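The lines below spell out each chain.
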Amino acid sequence: MLLTAGAAVAEPPQAQAWIDVATYSGFGMPGGMAGTGGGSPLSMLGGMFGGGGQANQFGHTQTGSAGRWVDVTLYARANPTLAEAIQTVPAGFLSPALKLQAPAAAPGQPPDPGDEGVVSEREPERPQGRLLMYWGCGSTVRPGQPKVLDMAHLSPADLKSFFVSRRATQRGAHSAAGRPVWPSPEDTRMVPAQASLVGEHAFSGVGVPEGFRFQIPAAQDLMPPLQIQQVAQPDGATELSWSPLPTARAYFIAAMGSAGEGTQDAVFWTSSELPDTGFGLMDYQTNPAVDRWLKDKVLLPPASNRCSIPKGVFPAGERGGAMVRAIAYGSELNLVHPPRPADPKVPWQPVWAVKLRVKSQTGLVLGMDGRGMGGMGGGNPAAEAGPAAPAASEPNATGKALNVLKGLFGR
């Protein structure tokens, strides 16, 4: 039970659903690089090139594989060993229903359904050489930049100070024993290119309360792909531009690359007006956190459609070795039935609750056409012919980008 100071007893919901919605375009980015704690930063390089196969699997909302993805997890307090469940969905999605199945076994204890704490982030591995950090959109580097960290002469305090990483990522869809998920072994259907989640959804299963029905509005539908164009400006800056997405709440862009040939130095740049490595921001964030960081100018406002990487952040000859990641945050949806009573003295016993998170992410290499590494096209990797063949001048750029990742993490 949850007790709040000066209020009546509030019970946890009898059932809880988590729904994660993601759209990836460009070459994507491994989940571990986004600060999600999802394994080695180099363990999912295949996903960077739009892989994923024709069978859908749970967890693609975090992998960065090009396409549209939805992950669902269901918990029923009355049946902690729930093995299967059904989610009826609108005709515009995968009508009439999704089959959820729980994993046979999962290590450790399942997380508390009511835990809304920020999910812990992996401690970054120590790179080699020096790290140079720049921040802010514009044609020229700001005074006082870059912030430099020499890996040969640093203390734990120096490392902590340098790796400023804002993050407010709570638990979303997850795999645990007794909690059915979709996609599942018996339902691996891909999300259609023009699919829509808008409309009525319902969950049913042994121990799932009757009447677990809710509406997903257009604001939480699958987002369009975030498509960024890049243009090298005469003044040496690189302008990034995009068409604003209708349901985006904010944007954030981060780039990383080499400081030049013959050096182990790595360079970070973000669109934030305040120093931030960006590792923690490349994931779902809560609505209050997004709004707070918009006021702080850490994130770009929803009407934004361009941001320039200043001249000199990445050496002209190394521009093709810099990898750019960008995210458009959708608005998180939190539903609970019945709603909390207006009178705090009235006991609250919610029957069900839903947390839905939505985002759109993309990746590109500076100096390369973003379509050259497997653009999203129709949004369904099963329908794509695969990555386009790079032009003759492009392999070096791709190789440099991967080498930067390996060198940065000492692999």
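Model, not experiment: these values are computed from the prediction.

A. Focus on the environment of Ala 193. Residue position: Ala 193 is located in the loop between strand S7 (181–182) and strand S8 (199–204). Once the C-alpha coordinates of Ala 193 and Arg 68 are considered, the two residues, 125 residues apart in sequence, prove to be 7.3 Å apart.

B. How the structure looks around the environment of Asp 71. Mapped onto the fold, Asp 71 is located in strand S2 (residues 67–76). Asp 71 gets classed as buried once you look at its relative accessible area, which sits at 2%. Taking the C-alpha atoms as reference, Asp 71 lies 8.9 Å from Gly 172; in sequence the two are 101 residues apart. There is a polar contact of 3.1 Å between the side chain of Asp 71 and the backbone nitrogen of Gly 59.

C. Quick peek at unusual backbone geometry. In this model, Gln 145 is joined to Pro 146 through a cis peptide bond whose omega is 5°. Within the chain, Lys 297 stands out as a residue other than glycine whose phi angle is a positive 65°. You can see Lys 297 is positioned in the loop between helix H3 (287–295) and strand S14 (306–309).

D. Structural view of the pattern of salt bridges. For the structure on display, the rule yields 13 salt bridges. Arg 357 is the partner of Asp 20 in a salt bridge, and the nearest nitrogen-oxygen pair spans 2.8 Å. Here Asp 20 is found in strand S1 (residues 15–26), whereas its partner Arg 357 is found in strand S17 (residues 352–365), with 337 residues between them in sequence. When its relative accessible area of 1% is taken as the criterion, Asp 20 is described as buried.

E. Representation of H3 within the structure. Looking at H3, one finds that the buried residues are Asn 287, Ala 289, Val 290 and Trp 293. Each buried residue of H3 sits inside an arc of 165° when the element is viewed along its axis, so together they form one side. Residues of H3 that are exposed and point more than 90 degrees away from the buried face comprise Pro 288 and Lys 295. Looking at the packing, one finds that the buried side of H3 touches strand S12 (250–258) and strand S15 (323–329). Directly after H3, the chain includes Lys 297, whose backbone phi takes a positive value near 65°.

F. Focus on the confidence of the model for the protein chain. When pLDDT is averaged across the protein chain, the result is 81; 73% of the residues are at 70 or more. Confidence drops under a pLDDT of 50 for residues 1–5, and excluding neighbours within four residues, the segment shows 7 contacts in the predicted structure. Between residues 407–411, whose pLDDT stays under 50, and residues either more than four places distant or in other chains, the model counts 16 contacts.

G. Spatial organisation of the side chain of Ser 304. Summarising the element assignment, Ser 304 is placed in the loop between H3 and S14. With a relative accessible area of 12%, Ser 304 lands in the buried category. Excluding residues that lie within four positions of it along the chain, Ser 304 makes contacts with Trp 242, Pro 244 and Tyr 251.

H. Layout of the sheet that holds strand S10 (residues 228–232). In spatial order, the strands read S10-S11-S14; together these 3 strands make up an open sheet with antiparallel pairing. Each of the sheet's edge strands pairs with one partner strand only, and the pair in question is S10 and S14. The mean angle between the axes of side-by-side strands here comes to 20°, regardless of whether they run parallel or antiparallel. Here 5 bridges tie S10 to strand S11 (residues 238–242), and the two strands are oriented antiparallel to one another. When the bridges of S11 are listed, Gln 229 appears paired with Ser 241.

I. Representation of the state of the cysteines within the structure. One pass over the full model with this rule turns up 1 disulfide. In this model, Cys 137 is linked to Cys 307 through a disulfide, with the two sulfur atoms separated by 1.9 Å. Disulfide Cys 137-Cys 307: torsion about the S-S bond near -95°, hence left-handed. On the criterion of sequence distance, the pair formed by Cys 137 in the loop between strand S5 (130–135) and strand S6 (147–150) and Cys 307 in strand S14 is long-range, its members being 170 residues apart. Given the relative accessible area of 22%, Cys 137 is considered partly exposed.

What counts as what
By convention here, each chain's residues receive numbers from 1 onward along its written sequence. At least 70 in pLDDT is required for a residue's local features to be given in this predicted model, at least 80 for side-chain atom pairs to be given and counted, and no such filter applies to totals for whole chains, interfaces and linings, which use all residues. By convention in this description, side-chain values take in all heavy atoms of the structure and omit both hydrogens and water. Numbering of helices and strands runs from the N terminus, with a helix taken as a DSSP run of H or I at least four residues long and a strand as a DSSP run of E at least two residues long. Accessibility here uses a 1.4 Å probe with only protein chains present; expressed as a share of the type maximum, an area under 20% marks a residue as buried, one over 50% as exposed, and anything in between as partly exposed. Here a polar contact means two N or O atoms within 3.5 Å. Within protein one must be a hydrogen donor candidate and the other an acceptor candidate, and residues neighboring in sequence count only if both atoms are side-chain atoms. Every case where a carboxyl oxygen of Asp or Glu lies within 4 Å of a side-chain nitrogen of Lys or Arg is listed as a salt bridge. Arc definition: it is the arc formed by the directions from the helix axis to the C-beta atoms. Only heavy atoms matter for contacts: two residues are in contact if any of them lie within 4.5 Å across the pair. Every residue carries a pLDDT, the predictor's confidence in it, which falls somewhere between 0 and 100. Here, strands pair whenever DSSP counts at least two bridges between them. Helix axes are fitted only over the stretch in contact, all axes being lines through C-alpha atoms; the angle between N-to-C directions runs from 0 to 180 degrees. The rule for a disulfide is simple: a pair of cysteine sulfur atoms within 2.5 Å.

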